[in-house]
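Topology and contacts: notes
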Amino acid sequence: SLPRAQRKLARGQRGDTMIEVLVTIIILAVGVLGAAALQVTTLKNLNMSHSASAAAIIAEDFGERMRANPTAALDDGYLIDGDPGAAFPDCVAAACDMAQLAEYDIGTWWDQLTAVLPAGTAEVTREIGTTTFLLTVRWDEDRSGSTGVACPVQSEADLECYQLNITI
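Residues numbered from 1 in each chain as written. Predicted model: local features only at pLDDT ≥ 70, side-chain atom pairs only at ≥ 80, totals over all residues. Heavy atoms only, no water.

1. Examining the overall build of the protein chain
Across its full length, the protein chain holds 3 helices and 4 strands. Helices (α) and strands (β) of the protein chain occur, in sequence order from the N terminus, as α-α-β-α-β-β-β. Computed over its C-alpha atoms, the radius of gyration of the protein chain comes to 30 Å, more than 25% above the 15 Å expected for a compact globule of 168 residues. Burial analysis of the protein chain (168 residues in total) assigns 29% to the buried set. Carbon and sulfur atoms form 60% of the exposed surface of the protein chain, whose accessible area is close to 10700 Å². Side-chain charges in the protein chain split into 11 positive and 22 negative, and the spacing between the mean points of these groups amounts to 33 Å. (Helix = DSSP H or I, 4+ residues; strand = E, 2+ residues; numbered from the N terminus. Rg over C-alpha atoms; globule rule 2.2 N^0.38 Å. Buried < 20%, exposed > 50% of the residue type's maximum accessible area, 1.4 Å probe, protein only. Areas by Shrake-Rupley, 256 points an atom, 1.4 Å probe, with all protein chains shown as cover. Lys, Arg positive; Asp, Glu negative; His and termini not counted. Charge placed at Lys NZ, Arg CZ, Asp CG, Glu CD.)

2. Some points on the pairing of strand β3 (residues 132-139)
The buried count for β3 comes to 7 of 8 residues, which makes it a mostly enclosed element. Pairing geometry for strand β2 (residues 121-126) and β3, over 6 bridges, is antiparallel. When the sheet's bridge partners are listed, Thr125 is paired in β3 with Leu134. With antiparallel pairing between neighbouring strands as the criterion, β2 and β3 make up a hairpin whose turn holds 5 residues, including Gly129 at a positive phi of roughly 75°. (Pairing = 2+ DSSP bridges.)

3. Focus: the nonpolar core
Core analysis: the largest hydrophobic core is formed by 24 residues, its most contacted members being Phe62, Met66, Tyr78, Trp109, Val124, Leu135 and Val137. It is helix α1 (residues 4-68) that contributes the most residues to this core, 6 residues altogether. (Core = buried A, V, L, I, M, F, W, Y, C linked by side-chain atoms within 4.5 Å.)

4. Description of the state of the cysteines
Counting across every chain of the model gives 2 disulfides. The residue that forms a disulfide with Cys91 is Cys96, at a sulfur-sulfur distance of 2.1 Å. Every disulfide takes its handedness from the sign of the S-S torsion; for Cys91 and Cys96 that torsion is -105°, giving left-handed. We classify Cys96 as partly exposed; its relative accessible area is 27%. Cys151 shares a disulfide with Cys161; S-S distance 1.9 Å. Of note, the bridge from Cys151 to Cys161 carries an S-S torsion of about 95° and is right-handed in sense. With Cys151 in the loop between β3 and β4 (160-167) and Cys161 in strand β4, this pair connects stretches of sequence that are 10 residues apart. If you count the bonded cysteines of the protein chain from the N-terminus, they pair up as 1-2, 3-4. (Disulfide = S-S within 2.5 Å.)

5. Let's talk about the sheet that holds strand β1 (residues 80-81)
The strand order across the open sheet formed by 4 strands is β1-β2-β3-β4, and the pairing between neighbours is antiparallel. Only two strands of the sheet have a single neighbouring strand rather than two, namely β1 and β4. Pairing analysis gives 2 bridges linking β1 to β2, with the strands arranged antiparallel. Bridged to Ile80 within β2 is Val124. Strands in contact with helix α3 (residues 98-116) are β1, β2 and β3; relative to β2, the strand with the most contacts, it is inclined by about 140°. (Contact = heavy atoms within 4.5 Å. Axes fitted to C-alpha atoms, helices over the stretch in contact; angles between N-to-C directions.)

6. What to know about the pattern of salt bridges
Summed over all chains, the structure comprises 5 salt bridges. Through salt bridges that share partners, Asp61, Arg65 and Asp105 make up one connected network. (Salt bridge = Lys/Arg side-chain N within 4 Å of Asp/Glu carboxyl O.)

7. Remarks on the packing of aromatic side chains
Enumeration over the complete set of coordinates arrives at 3 aromatic pairs. When the ring of Phe88 is compared with that of Tyr104, the centres are 6.1 Å apart and the planes differ by 65°; the resulting orientation is edge-to-face. With Phe88 in the loop between β1 and α3 and Tyr104 in helix α3, the pair connects residues that are 16 residues apart, well separated along the chain. Phe88 gets classed as partly exposed once you look at its relative accessible area, which sits at 31%. For Tyr104, a relative accessible area of 16% gives the class buried. An aromatic cluster is built from Phe62, Tyr78 and Trp109, whose rings are joined through pairwise contacts. (Phe/Tyr/Trp six-rings, centres within 6.5 Å; stacked < 30°, edge-to-face > 60°.)

Here it is as structure tokens:
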């Protein structure tokens, strides 16, 4: 049998081990939470990057459609401000004139925009007296119901936006 002093020392050391285990668990928990926070931030940034890239591609596509139909573009057939609403002709199934092609392009663009971007919307304006157009694509990145239209974004109430100038 161990002397009494050695038995007391052995009991005290058992408590130290428990504290070391608890400290280790706390350190591991903080590390795991940090890694989880990093993943959430990464996913958020990837989503924002995807939306911005999609907006740029969609705007470039529409700009090319306008350049391919310059007569309708210069007759302001491509000017829009929000949802075009009406059904558009199917220029794939049947031949269309230039004005109908502009309607088809707007409808196709709008379908892409609303399918890819959260609460996607757009407008096309023309600088008065020029052949320069401004394409603006907006979307609600954080899905918060934002409705502001300042571009570039100036507050949390503004939708995310992408603008493209094209000249016909």
